[in-house]
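Observations on chain architecture
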Amino acid sequence: MKIVVIGTGYVGLVTGACFAERGNKVTCVDIDDTKINNLHKGILPIYEPGLEDLVKTNVEQERLFFTTSIADVIDGADLIFIAVGTPPGEDGSADLQYVLGVASDIGKHLTDYAVIVDKSTVPVGTADAVTAKIQVELDKRKLDTTFDVVSNPEFLKEGAAIEDFMRPDRVVIGAASDKAAEIMNDLYKSFVPNYQDIIIMGIRDAEMTKYTANSMLATKISFMNEIANLCDILGVDVENVRQGIGSDRRIGFSFIYPGCGYGGSCFPKDIQALIRTANSANYDAIILKAVEQRNNLQKYRLFEKIVDRYGKDLSGMTFALWGLSFKPGTDDMREAPSKIILHELIAAGAKVVAYDPASIEIARKELPKEWFEHGHLKLVEHQYEVFPDVDALVLVTDWKSFNTPDFERMKDLMKSHVIFDGRNQYQPKLMHKLGFSYLSIGRDATNG
Ligand SMILES: NC(=O)c1ccc[n+]([C@@H]2O[C@H](COP(=O)([O-])OP(=O)(O)OC[C@H]3O[C@@H](n4cnc5c(N)ncnc54)[C@H](O)[C@@H]3O)[C@@H](O)[C@H]2O)c1
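The text that follows walks through the structure, step by step, so that each part is easy to find. What you are looking at is a predicted structure, and each value in this text was computed from that prediction instead of being measured.

1. A short note on the packing of helix 9 (residues 203-234) against helix 10 (residues 238-246)
Where helix 9 contacts helix 10, the axes come no closer than 9 Å and their chain directions differ by 140°. In terms of axis orientation, helix 9 runs oblique to helix 10. The crossing of helix 9 and helix 10 is right-handed. Of the residues in helix 10, those in contact with Met224, Ile227, Ala228 and Cys231 of helix 9 are Val238, Val241, Arg242 and Ile245.

Structural data, given as structure tokens:
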């Protein structure tokens, strides 16, 4: 099939590369000249395991192309995917200006039937707005070209995006026409072993499914964080509780790991957007509001433990920090808990030396310049380079290389042997045996 993917970010680039890998001819479009020029040179705008090789192979095989011009590629496309950002607007609702802008552009250049696919996460009713925008432009050109708009929300996880896209648990397609549903079915059938894993439903149902999935996962995280905080107060070890409930098949183990709160480009904005959707429908979404509130507070939890131990004034202290990205496997720092922790530590007078396996470049660009200029924050390229002369290690993101580090080496390098662990990575008993003071989330009972 001939496919156009508009928006070449985390979702667009992965979508384009994976469809090309299955033999389709794919052109990825972006308004960002630099991004497209770099992609022509084989330089990717994001870090995602396996993506560089996948892009390279498919470019070499002449199945994957890049351009900044929608006008040049719409003609003859069977499917046009919209995969641009839907950031939160000022009131927290999804800002649809990029999606609707692309819809107008499509309408300006469409000449033959195509399926227009909303891949971006968009609120219920957006497909109708996209249809209207395209139709307005076709009417201006006095064309009776037909088209279908379908919703095909994306469920990939950054850090495992290729695997998720190539072998999805399910593909959700919201379509109003049989013809569009059939074309989508043909496109995806090689990605799912079982045809039942392609779930076809109404367009609004599909739009709602994406928000519901993210809200459910965020709810599990906030719920478990709440339980962990309570465990700290009650003298209970949350790890035992987690194992005790996760083994119940009705509950399961995924998304019940306590920590510093969820971040990234999706959960925070999608929960907010669904709350705003509920508001507009005059419905008070009390659970969603609580999920968001718990998460905003949870990002301060590790810092609170630091203050409990050292007091509010941290002048003269230096902290090592491991993990800047919002989760392992990605360089994405959008809404990352590390940003709040860094801000609080520096505001309290501390210095920080930080390491992350993938986000150092992004951190240099995104974090306040004055932190670097005034020596509040230093970024290093090696995970043990954070240690000399630090008062404690603050572990924020559970990258694999932090799972079983060389504790003896750390002890040699650190001035004081204290670890604040926002991801409950280590066994408290082992830490105590090794001579570390170990403070983690929901395990104060075991911290000795
Ligand atoms: N990142 C994820 O893990 C993930 C997962 C599932 C769904 N989503 C959803 O997918 C959508 C895209 O997310 P993302 O993380 O890939 O965003 P992103 O910010 O990484 O990428 C968006 C891209 O769209 C481009 N763009 C903006 N306007 C354009 C236009 N008019 N024409 C062409 N390109 C344009 C931008 O330059 C940017 O490169 C969002 O709605 C998001 O909620 C994201």
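2. Some words on the packing of aromatic side chains
The tally for this structure, following the rule as stated, stands at 19 aromatic pairs. On the basis of an interplanar angle of 65° and a centroid distance of 5.4 Å, the ring pair of Trp322 and Phe387 is categorised as edge-to-face. Of this pair, Trp322 sits in strand 9 (residues 318-322) while Phe387 sits in the loop between strand 11 (377-379) and strand 12 (392-395), placing them 65 residues apart in sequence. Just as Trp322 is buried, Phe387 falls in that class too. Centre to centre, the rings of Phe407 and Phe436 are 5.9 Å apart; their planes meet at 65°, and the pair counts as edge-to-face. Pair noted here: Phe407 is in helix 17 (residues 407-413) and Phe436 is in the loop between helix 18 (428-434) and strand 14 (437-440), with a separation of 29 residues, a long-range link. Overall, Phe407 belongs to the buried group, its relative accessible area being 10%. Exposure remark for Phe436: the relative accessible area of 3% places this residue in the buried category. Three or more aromatic residues joined by ring pairs form one cluster here, namely Phe19, Phe81, Phe165, Tyr188 and Phe191. Arg22 extends its terminal NZ or CZ atom over the ring of Phe191, reaching a point 4.6 Å from the ring centre.

Definitions and limits used
- Residues numbered from 1 in each chain as written.
- Predicted model: local features only at pLDDT ≥ 70, side-chain atom pairs only at ≥ 80, totals over all residues.
- Heavy atoms only, no water.
- Axes fitted to C-alpha atoms, helices over the stretch in contact; angles between N-to-C directions.
- Helix = DSSP H or I, 4+ residues; strand = E, 2+ residues; numbered from the N terminus.
- Parallel < 35°, antiparallel > 145°, perpendicular 65-115°, else oblique.
- Left-handed = near helix turned anticlockwise from the far one by under 90°.
- Contact = heavy atoms within 4.5 Å.
- Phe/Tyr/Trp six-rings, centres within 6.5 Å; stacked < 30°, edge-to-face > 60°.
- Buried < 20%, exposed > 50% of the residue type's maximum accessible area, 1.4 Å probe, protein only.
- Lys NZ or Arg CZ within 6 Å of the ring centre and 35° of its normal.

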